[in-house]
Amino acid sequence: MLLLLLIGVLAGIVTAISPCVLPVLPVLLAGGASGRKPLRIVAGLVVSFSFFTLFASWLLRKLGLPQDLLRNLAIISLFVMAVVLLLPQAAQLLERYLAFFSRLRPAKTGDGFFLGATLGLVFVPCAGPFLAAITTAAARESFGGRTIAATVAYAVGAAIPMLVIARGGRAAAARIRSHADQLRIASGAVIAVVALALVFHLDDHLAQLTPGYTTYLQKKIESSSSATRELGKVRGGGETLAVKGHSDGLPDYGAAPALHADGSWINSRPLSLRQLRGKVVLVDFWTYSCINCLRTLPHLKAWDAAYRKKGLVIIGVHTPEFAFEHVTSNVRAAVKRLGIRYPVVQDNRFKTWDNYANQYWPAEYLIDREGHVRHTSFGEGEYPKTENLIRTLLSVHGKRARQLPDVTPTEAMTPETYLGYERLANYTGSRIVPNVRTRYAFAKRLFANAFSYDGTWTVGAQRVVAGPDARLRLEFQSKNVYIVLGGHGKVQVLIDGKKTKTIRVDSERLYTVRASNELASNALLELRFTPGVQAYSFTFG
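Keep in mind the model is a prediction, meaning the values are calculated, not measured.

Trainee: Please explain empty space enclosed by the protein as it appears in this structure.
Mentor: Over the atoms, a rolled probe matching the size of one water molecule traces out where space is still vacant. The final tally for this structure, using the stated rule, is two cavities of 30 Å³ or more. Estimated volume of the largest cavity: approximately 50 Å³. Lining the largest cavity, in full, are T296, W303, E364, S377, G379, G381, Y383 and T386. Those elements that provide at least two residues to the lining of the largest cavity are α14 (291-307) and α17 (383-394). For the lining of the largest cavity, a count of residues per class yields two nonpolar, five polar and one charged. Each pocket or cavity is described by its volume, and for the second largest cavity that value is around 30 Å³. Lining the second largest cavity are L273, L276, R277, K279, V281, I367, D368 and G371. Its residues placed into classes, the lining of the second largest cavity shows four nonpolar, one polar and three charged.

Spelled out as structure tokens, the structure:
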């Protein structure tokens, strides 16, 4: 835990010296200069940021309120503070209406705290792996002590440089006490300007003008092996499987973690590993829009056809990446469309995923007749090895399953690319404005594997929604290109400036952008969307 807290504090410090702090910097200075105690300002920010990062989405969803309500209230509060500082008469009027509350606490202790709490709602950190782990846990409503501690540590780290800034404003004001009235008016004006900038999202453009000078530090701190291990604990789940011994020439990882009885079952009644003792079980973590999973399916189906009667049970654990993959009717339709006949269970709350401490789509766990895990395989490939182990555990000889080519890509290619801000990487161009319909412009130059937006988009956590003139460019290296799309409309495909096809979007699923036996190297893909079409992620093969 101590290591996690240290990493959290360091990650927060790096965040607070990054461009993300620019929108709140003038308010911190003005708050200190206007007489508010810096420690109270920062305490308010820590409490507000920690609480609402974890619980705001859940709370607003329970109350049926819009997700941007708290940010809007915070901006209104900044305007109120500005008016109070600019107009003494307004301050007196406000104090008269709030006189009752002043009796509940010592005089003037809450003003700084309230300012900090307001900043906690408009402070949007540059998300790295540490914050991503926290938000993932919050999305799953996993509010354990470790997650809360990590969030507080991150907020405290971010608050340390901010405290220095607020103290600087207070120290500067102390030197020129004779100009107290002018300082108060200037502070009010600064806060009003910042609030107005937040209304029009000018803070995003300000951050865009500054380089990502903390990227190197962020990667060093948050992507280290120690950080990865500790963040795995924040995300939740059981212990990573480890070899506990060997028998029959195979590793033994111990008793298989349970299948969590949480979601709908397709093609079967609910099953448990206890019920399946005496069978060889292959647990496959997958999701129906994942191209890597889809390339694995033919092998799973062939093994199911060849070895089911001999004692093999394949269970597909459908753990979704995207919101639409939570819907039972969508999963049922995909199972039918893909010709899957073995049992599939929905794992919408990542319970079975966490039991296995799994991190991959697809992932296979082979379990023997006594209920012990004897083999694991992550990603595509290793099909002959997995089949040989299935045959060994079943004591099968003779005819093998229908042999299929292994189409696992072997050449270097563009990695899987997510388009929502939650897992954004290799993006370049206009500053991303989360959850707000915004006009974007292409980057002047794309580097390898990078992409950029142009036209009107609404960039959500997991998907982007096209508006008028929406376009996307991506420099890629691959034979095949796939994209997960949703909604209804059309997407025109251009590669190196040449129109190649038009995709008709009619449902939320995986679509083929390019299919070729020839490797495209440093090729420029451009997609042109009709309004309303949703895009989630690219995969390559």
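Having put the structure on the table, let's press on.
Trainee: I would appreciate a short explanation of α14 in the present structure.
Mentor: Every α-helix carries 3.6 residues per turn, so stepping three or four residues along brings you back to the same face. With 17 residues, α14 should reach 24 Å at 1.5 Å per residue; the first-to-last C-alpha distance of 25 Å fits that figure. L297 marks where α14 bends most, by close to 30 degrees; the proline P298 follows one to four residues later. With twelve of 17 residues buried, α14 is to be regarded as a mostly interior element. Looking only at α14, the buried set comprises I291, N292, C293, R295, T296, L297, H299, L300, A302, W303, D304 and Y307.

Trainee: Which parts of the structure should I look at to understand a nonpolar patch on the surface?
Mentor: Taken together, the side chains of V83, L86, L87 and I185 make up a nonpolar region of the molecular surface, amounting to roughly 300 Å² of accessible area. One can find V83 in helix α4 (residues 69-86).

Trainee: In this structure, what is going on with the environment of Y427? I would like to understand it.
Mentor: For Y427, the position within the fold is in the loop between β9 (417-418) and β10 (438-440). Of the residues examined, Y427 reaches a relative accessible area of 17% and is grouped as buried. Along the backbone, Y427 and L446 are 19 residues apart, and their C-alpha atoms lie at a distance of 9.1 Å. Among the polar contacts listed, one links the side chain of Y427 to the backbone oxygen of S430, at a separation of 2.6 Å.

Rules behind the numbers
Residues numbered from 1 in each chain as written. Predicted model: local features only at pLDDT ≥ 70, side-chain atom pairs only at ≥ 80, totals over all residues. Heavy atoms only, no water. 1 Å grid on protein atoms, 1.4 Å probe; cavity = no way out; pocket = protein on both sides within 12 Å on 5 of 7 lines; lining within 4 Å. Points joined across faces, edges and corners; volume = space filled by probe spheres on them. Helix = DSSP H or I, 4+ residues; strand = E, 2+ residues; numbered from the N terminus. Nonpolar A, V, L, I, M, F, W, Y, C, P; charged D, E, K, R; others polar. Expected span 1.5 Å × (residues − 1). Bend = angle between axes of the 7 residues up to and from the residue. Buried < 20%, exposed > 50% of the residue type's maximum accessible area, 1.4 Å probe, protein only. Patch = residues over 30% accessible without salt bridge, like charges linked within 9 Å, V, L, I, M, F, W, Y side chains within 5 Å. Areas by Shrake-Rupley, 256 points an atom, 1.4 Å probe, with all protein chains shown as cover. Salt bridge = Lys/Arg side-chain N within 4 Å of Asp/Glu carboxyl O. Polar contact = N/O pair within 3.5 Å; in protein donor to acceptor, adjacent residues only side chain to side chain.

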